[in-house]
Amino acid sequence: MPADAPPSGLFTDGPGNTRCAWCQATPLYRHYHDTEWGLPVADERRLFEKICLEGFQAGLSWLTILNKREAFRSAFANFDAEQMAHFDAAEVQRLLGDVGIVRHAGKIASAINNAQRVLELRREFGSLGAYVWRQEPDAASRPESITLEAVRALPHSPASAALSKDLKKRGWTFVGPTTLYAFMQAMGLVNDHIEGCASRAAALAARAAFTPPA
């Protein structure tokens, strides 16, 4: 390895920006990595969107879903749980005919079901955000150093397994531990930017300034 090469799991582009290597494929992917992934989110719509899209990702790549995200937003009422909860058979047929999204009947039914479950969580906790941030793992449970090897060893975690178990008890679907760990990474409940990634410090600072919804 050249002396100036970035550590394993990172890449450096022409202008000298060092990032997690998984976002190297396209400018859109790099923008998502730099401006969204790992930053803490309280907004219910964004949290619900991510859970839905992680469900649609099952068996696919996140880049595939990211490339279709605007089409998903248009098809699913911008992931407004209140509207989605009332999608009927005609809406399902519309979605199954929408070439811009992943046309999987089970995943479409799951997104509508989970929208209904969001409304139940609101009644109990006030918002999906208030519920989700109760599941943030304790810092002591996290690896001492976030390296490529550490991240690869964490396809899921005790916190994501507990969240999965509780959501399933509440009737949610397509919410396995691995799906929810990816959700926790993206929404800032954990910071898995690899040590040396330029976005890691920004995510840490954002979390320090963030007040989880009560």
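## Observations concerning the overall build of the chain
Within the chain, the regular secondary structure consists of 12 helices and two strands. Scanning the chain from its N terminus toward the C terminus, one meets helices and strands in the order β-β-α-α-α-α-α-α-α-α-α-α-α-α. On C-alpha atoms alone, the chain measures out to a radius of gyration of 18 Å, which is about the 17 Å that the 2.2 N^0.38 rule sets for 214 residues. Its C-alpha atoms put the chain at 60 × 40 × 25 Å along the principal axes. Counting across all 214 residues of the chain, residues that qualify as buried make up 48%. Accessible surface for the chain amounts to roughly 10200 Å². Of this, 55% is attributable to carbon and sulfur atoms. For the chain, the distance from the average site of its 23 positive side-chain charges to the average site of its 23 negative ones is 4 Å.

## Considering the layout of surface pockets
The calculated volume of the largest pocket comes to roughly 630 Å³. Lining the largest pocket are 25 residues, with Trp22, Trp37, Gln57, Ala182 and Gln185 positioned closest to its centre. If one sorts the elements of the lining of the largest pocket by residue count, helix α11 (residues 177-186) sits on top with six residues. Counted by class, the lining of the largest pocket contains 16 nonpolar, five polar and four charged residues. In this structure, the second largest pocket spans a volume of roughly 290 Å³. Lining the second largest pocket are 16 residues, and of these Arg142, Leu189, Val190, Asn191 and Leu204 sit closest to its centre.

## Side note on the nonpolar core
Counting residues in hydrophobic clusters, the biggest one holds 54 residues, and the most contacted among them are Phe48, Phe72, Phe76, Met84, Leu128 and Trp172. Looking at which element gives the most residues to this core, the answer is helix α7 (residues 105-125), with eight residues. Residues within four places of Phe48 in sequence aside, it is in contact with Phe79, Ala81, Met84, Ala111, Asn114, Ala115, Val118, Leu128 and Trp172.

## Describing the environment of Ala202
Its place among the elements puts Ala202 in helix α12 (residues 198-209). On the accessibility criterion, Ala202 (44% relative accessible area) is partly exposed. For Ala202 and Asp80, which are 122 residues apart along the polypeptide, the C-alpha to C-alpha distance reads 29 Å.

## Focus on the confidence of the model for the chain
Taken as a whole, the chain shows an average pLDDT of 95; of its residues, 97% reach a score of 70 or greater. Of the regions scoring below 50 in pLDDT, residues 1-5 engages in one contact with residues more than four places distant in sequence or in other chains.

## Some words on unusual backbone geometry
Located in the positive-phi region is Asn78, a residue other than glycine, with phi close to 55°. By the element assignment, Asn78 lies in the loop between α4 (69-75) and α5 (81-84). Even without a glycine there, the phi angle at Phe174 is positive, about 55°. Summarising the element assignment, Phe174 is placed in the loop between α10 (158-169) and α11. Classification of Phe174 by relative accessible area gives partly exposed; the value is 37%.

## Some thoughts on the packing of aromatic side chains
Here the structure, examined in full by the defined rule, presents 12 aromatic pairs. Summarising the aromatic geometry, the rings of Phe76 and Phe79 are spaced 5.6 Å apart at their centres and angled 10° between planes, so their arrangement reads as stacked. Among the aromatic residues, those joined into a ring-pair cluster are Trp22, Tyr29, Tyr32, Trp37 and Trp62. Over the aromatic face of Trp62 sits the side chain of Lys50, whose NZ or CZ is 3.2 Å from the ring centroid.

## Re the pattern of salt bridges
By the definition in use, this model includes 17 salt bridges. For Arg73, the salt bridge is made with Glu49, and the minimal N-O distance between the two is 2.7 Å. Taken together, the positions of Arg73 in helix α4 and Glu49 in helix α2 (residues 44-57) put the pair 24 residues apart, joining distant regions of the chain. Among the ionic contacts, a cluster of salt bridges with common partners joins Arg45, Glu49, Glu70 and Arg73.

## Here's the deal with empty space enclosed by the protein
Tallied over the entire structure, the rule returns two cavities of 30 Å³ or more. The space that makes up the largest cavity amounts to roughly 100 Å³. Considering the residues around the largest cavity, the lining is formed by 13 residues, among which Glu36, Arg46, Glu49, Arg69 and Met187 are closest to the centre. When residues of the lining of the largest cavity are traced back to their parent elements, those giving at least two are α2 and α4. Ranked by the residues each element gives to the lining of the largest cavity, the list is headed by α2, at five residues. Its residues assigned to classes, the lining of the largest cavity shows six nonpolar, no polar and seven charged. When its volume is computed, the second largest cavity comes out at roughly 60 Å³. Around the second largest cavity sit Ile51, Cys52, Gly55, Phe56, Lys107, Ser110, Ala111, Asn114, Thr173 and Phe174, which together line it. Residue assignment for the lining of the second largest cavity shows that the elements contributing at least two residues are α2 and α7. Residue classes in the lining of the second largest cavity are distributed as five nonpolar, four polar and one charged.

What counts as what
Per chain, residues are indexed from 1 in the order of the written sequence. It should be noted that, the model being predicted, local features are given only for residues of pLDDT at least 70 and side-chain atom pairs only at 80 or more, the latter also being counted only at that level, while totals for whole chains, interfaces and linings use all residues. Side-chain calculation: all heavy atoms of the structure are included, whereas hydrogens and water are not. A run of DSSP states H or I qualifies as a helix once it reaches four residues; a run of E qualifies as a strand once it reaches two. Both are numbered from the N-terminal end. Both definitions apply: the radius of gyration is a C-alpha atom measure, and the globule rule equals 2.2 Å times residues to the power 0.38. Buried means the residue's accessible area, taken with a 1.4 Å probe over protein chains only, is under 20% of the maximum for its type, while exposed means over 50%, and partly exposed covers the values in between. The method behind every accessible area is Shrake-Rupley, applied with a 1.4 Å probe, and residues are considered shielded solely by the protein chains displayed. Only four residue types enter the tally: Lys and Arg on the positive side, Asp and Glu on the negative side; His and the chain ends are excluded. Where a charge lies is defined by one atom per residue type: Lys uses NZ, Arg uses CZ, Asp uses CG and Glu uses CD. Think of a 1 Å grid over just the protein atoms. A cavity is a set of points where a 1.4 Å probe fits yet cannot get out, a pocket is an open set with protein on both sides within 12 Å along at least five of seven lines, and lining residues have an atom within 4 Å of a point. Grid points are joined across faces, edges and corners, and a volume is the space filled by probe spheres set on the points. For this classification, the nonpolar set comprises Ala, Val, Leu, Ile, Met, Phe, Trp, Tyr, Cys and Pro, the charged set comprises Asp, Glu, Lys and Arg, and every other residue, Gly included, is treated as polar. For our purposes a nonpolar core is just a set of buried Ala, Val, Leu, Ile, Met, Phe, Trp, Tyr and Cys residues, chained together by side-chain atoms within 4.5 Å. Contacts were defined at the residue level, with two residues in contact if any of their heavy atoms lie within 4.5 Å. In predicted models, pLDDT denotes the confidence assigned by the predictor to each residue on a 0 to 100 scale. Side-chain rings of Phe, Tyr and Trp, where Trp is taken by its six-membered ring, are said to pair if the distance between their centres is within 6.5 Å; with planes under 30 degrees apart they count as stacked, over 60 as edge-to-face, and otherwise as tilted. Distance and angle both matter: a charge sits over a ring if NZ of Lys or CZ of Arg is within 6 Å of the ring centre and within 35 degrees of the ring normal. Any carboxyl oxygen of Asp or Glu within 4 Å of a side-chain nitrogen of Lys or Arg constitutes a salt bridge here.

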